[in-house]
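Structural overview
The chain contents come next:
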Amino acid sequence: MMFFLVVLEMEPEAPTSLHWVEDVAEAELLLRSTPLPRRVSVIFQENEWWRRTCLHTAAMSNKLKLVKFFFDELNVCCTAQLLDHVELMDEFIMKQDNEGYTALHKSGSSEISELLIQSVSTSERRDRFISTKSMYGANALHFAQTKEMAELLIMSISDEEMRQQMLTTHGVRGRTTVSLAAWRGAADVIQVIFDNCSALSRQFLISRTDIFNDTPLHRAALSGSQYAVDAIIEELTDTELIEMSLKVNESRTSSMHYLIIYQMPEALSQILKRLNIEQRKKALLRKNRYGYSARRLALMQMSELADQEYKYLATYWSLSQIIKDVPETMNRKILKLVHLFCNEYDTTVPGTMLMYDDSGAMRHRSITIGDGSKSSDWMQSTGVSHSVIQ
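My aim in this report is to walk through the structure given alongside it, one point at a time. (Residues numbered from 1 in each chain as written. Predicted model: local features only at pLDDT ≥ 70, side-chain atom pairs only at ≥ 80, totals over all residues. Heavy atoms only, no water.)

**Notes on unusual backbone geometry**
In this structure, asparagine 62 takes a positive phi of about 55 degrees despite not being glycine. You will see that arginine 252, though not glycine, has its phi angle at about 55 degrees, which is positive. By the element assignment, arginine 252 lies in the loop between helix H16 (239–245) and helix H17 (255–261). (Helix = DSSP H or I, 4+ residues; strand = E, 2+ residues; numbered from the N terminus.)

Rendered as structure tokens:
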């Protein structure tokens, strides 16, 4: 008995929703299997939970060809059924999901964003579309990841008053466009926003705090981006703005503490040079929630560095000499921090620092860094794993 296997070529199964299509071919397959009178409703169909259209999902996935296909198909359907193409297109583009987000909020591509904006029929609707807020108070500029995207959104608004409102809008957590750009470390986005702000708007953005009492400088320092920090500092034109940016947040941590933790001595130097002696002292001695001042944090990082690198730093009495002579492999930023605080803006800083001698034996020494006495007794120490700053 012989058996024959017959393989039939079958047409691939059409997807059940435009939300799940991967490319134009799949979208065509679905719409071709749908009667013409129902195609508009299929294009406008929202998913069950988020109430998003296929335009939302295509914009989120950066699928420019799909977005163009949806626009073309909607145009064909409207022409065939004598529907108002302009009104339907505007409704499709400006549709908000259950959180109030449009496809422009979700777009991660400047090409898709430009197509969305240009496809809106009138400048009035275009302005309203770009500045639309979600239920959390965020507009599309809050989500701008690149300089090109930020420039596109800002320059596409024709009404100057609406433009300034969009630039200074803050969400329900108090985070502005600058605050979120600083959090992402997007220095070029920060610069574009400031370049298009009025002087009053710029001052508002640089000093605005969120619900955690974080300023844009806090957020930029937390991002670890030196460029974002520099973009913020450049706008700190007077001491009042600087002091506002240096205040502590809800966790009792100032932006200066973060700049030390993320090792940005150049930024700290720029800030401190703009303050008078009393203001410097106040900033340096302000304590975080653990009772550490900015000065103490710098010393702790210096001591940890000595512990980690197994270097005999005690032979150098001058921090300037340490910075000049340490090997290139060592992290000089921490040393610069200590030098900045102790030698330039303070007098003497007593402390106990863990060090190693030439044989690698662990020792610690009570020292005074700065202009005071620089000598004390050596003590052999055993079982010590980290330094203690007094």
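**Comments concerning the nonpolar core**
By size, the foremost hydrophobic cluster in this structure holds 84 residues, and its most contacted members are Leu18 and Phe70. The dominant element in this core, judged by the number of residues it contributes, is helix H4 (residues 64–80), at eight residues. Apart from the residues lying within four places of it in its own chain, the contact partners of phenylalanine 70 are Leu18, Val21, Ala27, Cys54, Ala58 and Phe92. (Core = buried A, V, L, I, M, F, W, Y, C linked by side-chain atoms within 4.5 Å. Buried < 20%, exposed > 50% of the residue type's maximum accessible area, 1.4 Å probe, protein only. Contact = heavy atoms within 4.5 Å.)

**Regarding the side chain of threonine 215**
Within the fold, threonine 215 resides in the loop between helix H13 (199–207) and helix H14 (216–223). Residue threonine 215 is classed as buried on the basis of its relative accessible area, which comes to 0%. Dropping the residues within four chain positions of it, threonine 215 is found in contact with Arg208, Thr209, Met244, Ser245 and Lys247.

**What to know about the packing of aromatic side chains**
Applying the stated criterion across every chain yields a total of six aromatic pairs. For the pair phenylalanine 44 and phenylalanine 92, a centre-to-centre distance of 5.3 Å together with 50 degrees between the ring planes defines the contact as tilted. Of this pair, phenylalanine 44 sits in helix H2 (residues 36–44) while phenylalanine 92 sits in helix H5 (residues 85–94), and the two are 48 residues apart along the sequence. Exposure class is identical for phenylalanine 44 and phenylalanine 92. Each is buried. When the centroid spacing of 5.7 Å and the interplanar angle of 85 degrees are considered together, the rings of tyrosine 101 and phenylalanine 143 count as edge-to-face. Of this pair, tyrosine 101 sits in the loop between H5 and helix H6 (103–106) while phenylalanine 143 sits in the loop between helix H8 (123–130) and helix H9 (147–155); the two residues are 42 residues apart in sequence, bridging distant segments of the chain. Here phenylalanine 143 falls in the partly exposed class, since its relative accessible area comes to 32%. Taken together, Phe44, Phe71 and Phe92 form an aromatic cluster joined through their ring pairs. In this arrangement the basic side chain of lysine 106 is found over the ring face of tyrosine 101, its NZ or CZ atom lying 4.3 Å from the centre. Looking at arginine 219, its charged tip hangs above the ring of tryptophan 183, at a distance of 4.5 Å from the centre. (Phe/Tyr/Trp six-rings, centres within 6.5 Å; stacked < 30°, edge-to-face > 60°. Lys NZ or Arg CZ within 6 Å of the ring centre and 35° of its normal.)

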